[in-house]
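Here is how the chains run, residue by residue.
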Amino acid sequence: MQATVPTGTLVGVDAVPVEVQADVSAGLPLFGIVGLADAAVMEARDRVRAALRSSGYDFPNARVIVNLAPAPLRKHGTGFDLPIALAVLCATGQLPTETFSNVSAVGELGLDGSVRSVPGMLAHAVAANGRGMDLLGPAAAADVVGAVPELRYRPVDSIGAVRAGLPGRRSHTSDAPAADVQADVDLADIAGHETAKRCLEIAAAGGHNLLLVGPPGSGKTMLARAMCGLLPPLTPNERLEAALVQSVAGRDPRASLAGVRPFRAPHHSCSIAGLVGGGTPPLPGEISLAHTGVLFLDEFPEFGPATLQSLRQPLEEGAVTLVRACGVVRYPSRVTLVAAMNPCRCGYQGDPARSCSCSSPMIAQYKARIGGPLYDRMDLSIRVDRIDPSLLIDEIASPSSTEAARARVLAAREFGRSRPPVGVRASLTRSARHLLEAGARGASLSGRAVTRLLGVARTIADMSASARVEEEHVGEALGYRAWEYQ
Ligand SMILES: [Zn+2]
C-alpha cells in the first residue's frame, strides 16, 4: 500500500513543499529512504522505527520504501521524522490514508515517540498557511507558530496521540506581547559624547551606517548598544521577517515576534560564513540574524579583508544571496551597521593625553584595511574621544535620553514621508549645492560617497522639518566624513 504526507524542507527562510511517499510491500524486511536526503534525514529510520514501536504501533515486517519528492531538491534536518512515521502508518492501514489530504506535518521524533520542535517551525507554519493547509507539529511550538495569522495548527505531544485521529485545530491567536523599547543602554546613562549621540540619532532617522573612531575605552561599545533603542517600532511584517531568520537558525524567535530589534556583535575572528551565512546545510550569518536591528562590528579593521568585503553586497541589497550546487538561498539582511575602530594600531593617534607610537605609513595602512568601497558605505564617521573624567566623577546628567531621541527620530521619519517626494538633488538650495561641490572636490569623494552624503544631508533636513536641503545640512553631513581625510 502507498500513502503520502505533505511536509517541507528549508531553503533560505522558506519551507519548500516536499511530499513524503511511503510504499509498503511484501518482501525481505527493509527500510529505505530515497530522494536526496542528508545524513539527519537518513537517521530518521532508526528514530521512526523505535518511536512507532514504543508508542504501541506496528512497524511492518516488510519492504518499506520512503521517497521524498521532488527528488532533485536537497532535503535536510530531522523534521522529516514525523511525516515519514505518519506515511508509514497510513501505508500500513494504522491511520486512514485520507487524513493528510490537507494537513502538512513536521517534527522530530524521540525514541519514546515524543514529537519535538525543529529549526524553522515558523517557516513551516507560513508555508502551510500559504498553501491553505493545516499544520501538524510539536505542541511545544504552538506559541511560536501562533504568530502566523489564521494558521490552523494541530499540536501533538507524541505520535501515540494521533492514534485516535488528528488533534483538534487551534486557530490562533493571542497578540504578540507588547513590543517596544527595551534598549539595554539608555542615552541618558552615557556621559558626554553629544556629537556621537547626534550621529546615532541621524543614523536611526535615515537608516544610515555609522563608523565610530576612537581610542580604547572611549565608550564606542556603549554608544553602539544604545542604537537599538532609537529605532522605530517594528511593523508586524518586519517582526515576522526577523523571527523567520531566528527560527531557521534554530534560535528562539519569540523576542523578534515581540518586536525586539536584534543586536549582534560578532568577534573579529568571525568567518565569512559566520558573518554573511553559508555552510552545509546553509545557515544565516550574523548580518541576517541582525536583520531589522543593529550589526555591531568592533575592531573593524581586524576582521579578515575577505570577510569585510563579503559585507558589501548584503549591505547594498538588504539580502544575502548564497549560490549553492542545490540552488540559490536568500536571507534578508537589512541592518543598521555600526562599526568601531581605533584610529591607529596602537590606538592613540590624536589622543591629547597619550602619544601614538605609529608612523604615518602604518596609520595609512591600518585605515586602508577597510577598503574604499566599504568605507564609502559608512555614511557617518566620527571620532569618539575619551571624555573628561570630571564628567564621570560629577555625574553630570546627560541632556539626552533615549526616549526623547526616539521621538525625534520618529518625527523625522514622519516628516520624510509627508514631504513632497522630490529627489534630494532637486531639493538642494543653491548655496547647499556650492558647498557640496566644494566639499566633494576638496576631499575627492567618490560618486558613491557623494550619493551617501546627500542622503545624510536629506535626513538632517528632515530632522529640522525642512523640505529644502540647506547649506547647514550639507555642512553638517560633510563634517561626519571628515575623519577619513585627516
Ligand atoms: Zn598609534
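Remember, it's a predicted structure, so these values are computed and weren't measured experimentally. (Residues numbered from 1 in each chain as written. Predicted model: local features only at pLDDT ≥ 70, side-chain atom pairs only at ≥ 80, totals over all residues. Heavy atoms only, no water.)

Points about the packing of helix 6 (residues 194–206) against helix 17 (residues 402–418)
Interaxial distance between helix 6 and helix 17 falls to 9 Å at its minimum, and their mutual angle equals 40°. In this view, helix 6 runs oblique relative to helix 17, as classed from their interaxial angle. Like other packed secondary-structure pairs, helix 6 and helix 17 cross with a definite hand, here right-handed. Here helix 6 contributes E201, A204 and A205 to the contact with helix 17, which in turn contributes A405, R408, V409, A412 and R413. Counted by class, the contact of helix 6 with helix 17 contains five nonpolar, no polar and three charged residues. (Axes fitted to C-alpha atoms, helices over the stretch in contact; angles between N-to-C directions. Helix = DSSP H or I, 4+ residues; strand = E, 2+ residues; numbered from the N terminus. Parallel < 35°, antiparallel > 145°, perpendicular 65-115°, else oblique. Left-handed = near helix turned anticlockwise from the far one by under 90°. Contact = heavy atoms within 4.5 Å. Nonpolar A, V, L, I, M, F, W, Y, C, P; charged D, E, K, R; others polar.)

Structural notes on the domain arrangement of the protein chain
One can read the domain layout of the protein chain as domain 1 (2–171), domain 2 (187–400) and domain 3 (419–486). A C-alpha centroid distance of 57 Å is found between domain 1 and domain 3. (Domains from an automatic or database assignment.)

A word on the sheet that holds strand 13 (residues 294–297)
Across the sheet, five strands lie side by side as 12-13-16-11-17; this open sheet has parallel pairing. Strand pairing shows two members of the sheet lacking a second neighbour, strand 12 (263–264) and strand 17 (380–383), which therefore form its edges. As paired elements, strand 12 and strand 13 share two bridges and run parallel to each other. Its bridge partner being in strand 13, F263 is matched across the sheet by V294. (Pairing = 2+ DSSP bridges.)

Focus: the coordination of the zinc ion
In the first shell of the zinc ion, the protein supplies C344 (SG), C346 (SG), C356 (SG) and C358 (SG), at 2.2 to 2.3 Å from the metal. Here the zinc ion is ringed by four donor atoms whose angles at the metal span 108 to 112°, and the overall shape comes out tetrahedral. One chain supplies every donor to the zinc ion, and in sequence these donors are spaced C-x1-C-x9-C-x1-C. The class for C356 is partly exposed, based on a relative accessible area of 28%. (Donors = N, O, S within 2.8 Å, 3.2 Å for Na, K, Ca; no water. Tetrahedral: all angles 85-135°; square planar, octahedral: opposite > 155°, others 65-115°. Buried < 20%, exposed > 50% of the residue type's maximum accessible area, 1.4 Å probe, protein only.)

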